[in-house]
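# Structural overview
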Amino acid sequence: MRVEPGSMIEIQHLSKTFLASDNEIEALKDISLTVRGGDIYGIIGMSGAGKSTLVRCINMLERPTSGKVLIDGIDMGALPPAGLRAARRNIAMIFQSFNLLMQRTCLANICFPLELAGMKKQEAREKALRLLEIVGLPDKAKEYPARLSGGQQQRIAIARALAADPKVLLCDEATSALDPQTTRSILSLIRDINRRLGITVIVITHQMSVVEEICNRVAILENGCVIEEGEVTEVFARPQSAAGQRLVFPEADSEPLSAEAEGRVIRLIFNGAEAAGQPIITQMAIDERIAANILFASTKSIGSRVYGKMLLGLPDNGEITARAIRYLTKCPNVTAEELPAKKPAPSSLQQ
């Protein structure tokens, strides 16, 4: 197996329009992205954002209406049919539905693309057995896919995808049909393959947890446009768009109105605060003797750092509120502000 950097992918001003019976549908609009060789790059968005269309344009299963896809500097759209077929051998793809051949054993499924490429049967068999070892299923060579769990079927699909020694692995909602524990095991396998083989991985998903788990860079799509792009930690720390904020912190839409709380309310923003040590609210109670009630929290940890926000309820006392804000903002990458109190509703008796 090859151990070298995977391919660099450059998407330049790519658009895709589908012609319907009475109108045109712009699935992708002027998308430009660069995926470095060896990256695990996440492309995330809600249903209909254009994610699957974009990934199918990378290997030219969908022809872009305009723009270019360059893989290691080669314009995929300009290749003649024979050249495109050769280039596609460096691009493997796995799907939510596994797409295994149910009438073939697991070993035969992995051998199938090797046989199509003209490899001798014994050589293909030996390679398929090595791939079964890589995906952790050496004992399933003679089993049929129907006898395997969903996670095991996806491992066989990954082994088959690796058979041609690809430099790019496209994962189109590859874990969406799996339970959380199995999803983590498949993501761990993909991360291990990326590290061991250097393959560039593009992960198409609607789940932020998948991006958090393995991706180093991410692009957020909405209505066919890239609305945010960058390092995962940066995008998750400060999502700029409304769609990004909904994806990163979906609970934020349910934030209670601070005005409905008794006393005073502080909003805390965590922009990469260290997660280690005593929780900040507990520590404030110990050090300052200020007991705060957590009214709302939408936070997540990425590595050793915390991102998100929290609402704290405090006694209706200005001096205590000021002390709490001073204490909390001494922590690096934490900001705090008092939210305005609720204005009394006008009386219906007022003239």
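Relevant structure appears above.
Bear in mind that the values here come from a model prediction, so they are computed numbers and not experimental data.

## So, the pairing of strand β7 (residues 168–172)
By the criterion of burial, β7 is predominantly enclosed, with five of the five residues buried. Burial of β7 is two-sided: the residues Val168, Leu170 and Asp172 facing one way and the residues Leu169 and Cys171 facing the other way are all buried. Pairing between strand β6 (residues 91–95) and β7: five bridges, direction parallel. Among the inter-strand pairings, alanine 92 is bridged to a residue of β7, identified as leucine 169. Pairing geometry for β7 and strand β8 (residues 200–205), over five bridges, is parallel. The partner of aspartate 172 across the bridge, within β8, is isoleucine 204. Crossover connection from β7 via helix α6 (residues 180–197) to parallel β8: handedness right-handed.

## Quick notes on the sheet that holds β7
The strands making up a sheet associate through backbone hydrogen bonding, with each pair oriented either parallel or antiparallel. Read across the open sheet, the six strands follow the order β6-β7-β8-β3-β9-β10; overall the sheet is mixed. Strand pairing shows two members of the sheet lacking a second neighbour, β6 and β10 (225–231), which therefore form its edges. On average, adjacent strands in this sheet sit at an angle of 15° to one another, irrespective of strand direction. Relative to strand β9 (residues 217–222), strand β3 (residues 40–44) is paired through four bridges, and the arrangement is parallel. Across the sheet, isoleucine 44 pairs through a bridge with isoleucine 220, a residue of β9. The sheet strands contacting helix α1 (residues 51–58) are β3, β6, β7, β8 and β9, and the helix crosses β8 at an angle near 155°.

## Digging into the side chain of threonine 182
Positionally, threonine 182 belongs in helix α6. Among the polar contacts listed, one links the side chain of threonine 182 to the side chain of aspartate 179, at a separation of 2.8 Å.

## Overview of the sheet that holds strand β1 (residues 9–19)
Reading across from one edge, β2-β1-β4-β5 is the order of the four strands in this open sheet, with antiparallel pairing throughout. Because the sheet does not close on itself, it has two edges, and the strands there are β2 (24–35) and β5 (74–75). Direction of pairing for β1 relative to β2: antiparallel, over a ladder of eight bridges. When the sheet's bridge partners are listed, lysine 16 is paired in β2 with leucine 28.

## Concerning the pattern of salt bridges
Under the counting rule described, the total for this entry stands at 15 salt bridges. For lysine 127, the salt bridge goes to aspartate 165, with nearest N and O atoms at 3.1 Å. Here aspartate 165 lies in the loop between α5 (150–162) and β7 and lysine 127 lies in helix α4 (residues 121–134), a separation of 38 residues in the sequence. Exposure remark for aspartate 165: the relative accessible area of 22% places this residue in the partly exposed category. One salt bridge connects glutamate 229 with arginine 217, and the closest N-O pair in it is separated by 3.0 Å. Here glutamate 229 is found in strand β10, whereas its partner arginine 217 is found in strand β9, with 12 residues between them in sequence. Note on glutamate 229: relative accessible area 33%, which makes it partly exposed. For arginine 217, a relative accessible area of 15% puts it in the buried group. What emerges from the salt-bridge pattern is a single network uniting Arg36, Asp39, Arg217, Glu229 and Glu231.

## Observations regarding the nonpolar core
Ranked by size, the top nonpolar core spans 52 residues in total, and within it Ile94, Ile156, Ile158, Leu169, Ile190, Ile193 and Val201 carry the most contacts. Among residues more than four places away in sequence, those in contact with isoleucine 193 are Ile134, Ile158, Leu162, Gly198 and Ile199. Of all hydrophobic cores here, the second largest spans 28 residues; its members include Ile31, Val55, Met93 and Ile204.

## Here's the deal with α4
An α-helical segment advances 3.6 residues per turn. Residues three or four places apart therefore align on the same side. For α4, which comprises 14 residues, the first-to-last C-alpha distance of 20 Å matches the rise-based estimate of 20 Å (1.5 Å per residue) to within 8%. Packed against the buried residues of α4 are α3 (106–116), α5 and α6. Phi turns positive one or two residues past the end of α4, at glycine 136, with a value near 80°.

## Quick look at the environment of threonine 53
Tracing the chain through its elements places threonine 53 in helix α1. Threonine 53 gets classed as buried once you look at its relative accessible area, which sits at 16%. A sequence separation of 26 residues divides threonine 53 from alanine 27, and the C-alpha atoms of the two residues are 7.2 Å apart.

## A short note on helix α10 (residues 280–288)
The complete set of buried residues in α10 reads Ile280, Ile281 and Met284. End-on view of α10: buried residues confined to an arc of 100°, all on one side of the axis. Considering only its buried residues, α10 is in contact with β11 (264–274), β13 (305–314) and α11 (318–328). Backbone geometry just after α10 places arginine 289 at a positive phi near 55°.

## Looking at the packing of aromatic side chains
Both the distance between ring centres and the angle between the ring planes are used here to describe each pair of aromatic rings. Going through the model one piece at a time under the given rule, you end up with zero aromatic pairs. Between lysine 16 and the ring centre of phenylalanine 18, over which it is positioned, the NZ or CZ distance is 5.0 Å.

Criteria and cut-off values
Along each chain, residues carry numbers from 1 onward, in the same order as the chain's sequence is written. The predicted nature of this model means local features are confined to residues of pLDDT at least 70 and side-chain atom pairs, given and counted, to a pLDDT of 80 or more, with totals for whole chains, interfaces and linings taken over all residues. Just so you know, side-chain values use all the structure's heavy atoms and leave hydrogens and water out. Relative accessibility under 20% of the residue-type maximum defines a buried residue, over 50% an exposed one, and the middle range a partly exposed one, all with a 1.4 Å probe and only protein chains included. Each helix is a run of H or I in the DSSP string that is no shorter than four residues. Each strand is a run of E no shorter than two, and both are numbered from the N terminus. Note: two strands are recorded as paired if DSSP finds a minimum of 2 bridges between them. The crossover handedness rule: strands pointing away from the viewer, path from first strand over the helix to second strand clockwise, crossover right-handed. To get an axis, fit a line to the C-alpha atoms, keeping to the stretch in contact for a helix; angles then go from 0 to 180 degrees between the N-to-C directions. Any two residues whose heavy atoms approach within 4.5 Å are treated as being in contact. Think of a polar contact as two N or O atoms within 3.5 Å of one another; within protein, one of them needs to be a possible hydrogen donor and the other a possible acceptor, and neighboring residues in sequence only count if both atoms come from side chains. Whenever a carboxyl oxygen of Asp or Glu lies within 4 Å of a side-chain nitrogen of Lys or Arg, that contact is scored as a salt bridge. Think of a nonpolar core as a cluster: buried Ala, Val, Leu, Ile, Met, Phe, Trp, Tyr and Cys residues, connected wherever their side-chain atoms sit within 4.5 Å. Helix span, as expected, comes to 1.5 Å for every residue beyond the first. It is the directions from the helix axis to the C-beta atoms that the arc portrays. We call Phe, Tyr and Trp rings a pair once their centres come within 6.5 Å, taking the six-membered ring for Trp, and we label the pair stacked below 30 degrees between planes, edge-to-face above 60, and tilted otherwise. Definition used: whenever NZ (Lys) or CZ (Arg) falls within 6 Å of the ring centre and also within 35 degrees of the ring normal, the charge is taken to sit over that ring.

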